[in-house]
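Spelled out from the first residue to the last, the chains are:
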Amino acid sequence: MSNYNDTYHVPVLLKETVDGLNINPSGTYVDVTFGGGGHSYEILNRLDENGRLFAFDQDIDALKNKIDDDRLTLIEANFSGLKNYLRAEGVRMVDGVLADLGISSHQINKPERGFSTRYDEKLDMRMDQNAELSAFELINYYDERDLRIIFSQYGDLRNAGTLARTIVKAREEAPIKTTGQLVEIVSKHFPKLKRNKFLAKLFQAIRIEVNGEMDALKKMLEQTAMIIKPGGRLSVIAYHSLEDRLVKRFIRDGKFEGQAEKDFYGNVSVPFKKVGKLIVPNADEIARNPRARSAKLRVAERTNS
């Protein structure tokens, strides 16, 4: 079996996330965020010859990292279609699902993808490079109200309205084509000492909207309840509060809004139960991989509900 590509992406909480799956050596597992293959490689190491792993990634660059192993099936797709793609492979139930949410180091470090604030490149930010909506269309064609909502909800930016107005006014003069242009346009609206944090939030908000990340995450989580066997595990790493809040609420309540369902006797009936406490990287891992600092791992076990 070939190794994984740690230059593409350094897997975060590698041992802890796979430990959370409580691997059955002959079981069937899903890694919905293949990336550089780090978590998949660790899962394969714990499977015997009868075990199977299905991995998902919508980024064509990630497909180049496919591990040479007959037990692995790599599917080029967004994880929002998890259940149907597995059924196409003849799989209805699995023993566990792993998700390492967010953006890969490769995507950030490749200037032409437009994810980073460090480069002056075209506005793109598509994880699926065949998708129609890019950051260019969003910045240049979304109306002011929609921009304000996106910056506020997905970036937690208090001056979202001011930013939206500034962008709309600037694009009336000429299209905003690059990340550098965008940074220059909004530069007067953030304190210089907080530049990096502000821009990270702005770019996060744009990226989440371009890729439909919140909707895709909700769909994926809902489908895990349909495909994970009772006693099977869900192991999810989130990197910002929006993601983590959805994961936490789904594990606790089985839904994203409102109260958990109750049975005839008033007992809470949810598809998963929490396993252990929230896990975060230790100081050593953060020192080796600074991008791990915001990671939060939650593990849950499928109930009989």
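Calculation notes
As a convention, each chain's residues are numbered from 1 in the sequence order in which they are written. Owing to the predicted nature of the model, reporting of local features is limited to residues with pLDDT of at least 70; listing and counting of side-chain atom pairs is limited to 80 or more, with chain, interface and lining totals taken over all residues. Derived side-chain values reflect all non-hydrogen atoms in the structure, with water molecules and hydrogen atoms excluded from consideration. Salt bridge criterion: a side-chain nitrogen from Lys or Arg within 4 Å of a carboxyl oxygen from Asp or Glu. Secondary structure is summarised from DSSP: a helix means a run of H or I of at least four residues, a strand means a run of E of at least two, and numbering begins at the N terminus for each. Only protein chains enter the area calculation, which uses a 1.4 Å probe; residues under 20% of their type maximum are buried, those over 50% are exposed, and those in between are partly exposed. In this description, strands pair whenever DSSP reports at least two bridges between them. Think of each axis as a best-fit line through the C-alpha atoms, taken over the contacting stretch in the case of a helix, with angles from 0 to 180 degrees between the N-to-C directions. We call two residues contacting when some pair of their heavy atoms lies within 4.5 Å.

> Explanation requested: the pattern of salt bridges in the structure shown.
It is possible for side chains bearing opposite charge to pair when their charged atoms get close. Inspection of the entire model under this criterion finds 14 salt bridges. The closest approach of N and O atoms between Arg46 and Asp19, which form a salt bridge, is 2.6 Å. Of this pair, Arg46 sits in helix α2 (residues 38-46) while Asp19 sits in helix α1 (residues 14-19); the two residues are 27 residues apart in sequence, bridging distant segments of the chain. Of the residues examined, Asp19 reaches a relative accessible area of 33% and is grouped as partly exposed. As a salt-bridge pair, Lys219 and Asp215 come within 3.3 Å of each other at their nearest N and O atoms. With Lys219 and Asp215 both in helix α11 (residues 213-227), this residue pair falls four residues apart, about one helical turn. Within this structure, Lys15, Asp19, Glu42 and Arg46 form a network of salt bridges that share partners.

> How do you make sense of unusual backbone geometry when you look at a structure like this?
For residues other than glycine, phi is negative in most cases, and the peptide bonds are mostly trans. Here Leu13, not a glycine, exhibits a phi torsion of approximately 45 degrees, which is positive. Among the secondary structure elements, Leu13 is positioned in the segment before α1. For Asn22, which is not a glycine, the phi torsion comes out positive at approximately 50 degrees. The residue Asn22 is located in the loop between α1 and β1 (28-31) in this model.

> I keep staring at the sheet that holds strand β4 (residues 94-100) and nothing clicks. Help me out?
Within a sheet, adjacent strands bond to each other through the backbone by hydrogen bonds, running parallel or antiparallel. Overall, mixed pairing links the seven strands, which are arranged β3-β2-β1-β4-β5-β7-β6 in an open sheet. What marks the edges here is a single partner per strand, and that holds for β3 (72-76) and β6 (272-274). Each adjacent strand pair in this sheet contributes to an overall mean axis angle of 20 degrees, direction not counted. Pairing geometry for β1 and β4, over three bridges, is parallel. Paired with Val30 across the two strands is Val97, which belongs to β4. Where α2 meets the sheet, its contacts fall on β1, β2 (52-57), β3, β4 and β5 (228-238), and the angle it forms with β2 comes to roughly 175 degrees.

So yeah, pure geometry; function would need other evidence.
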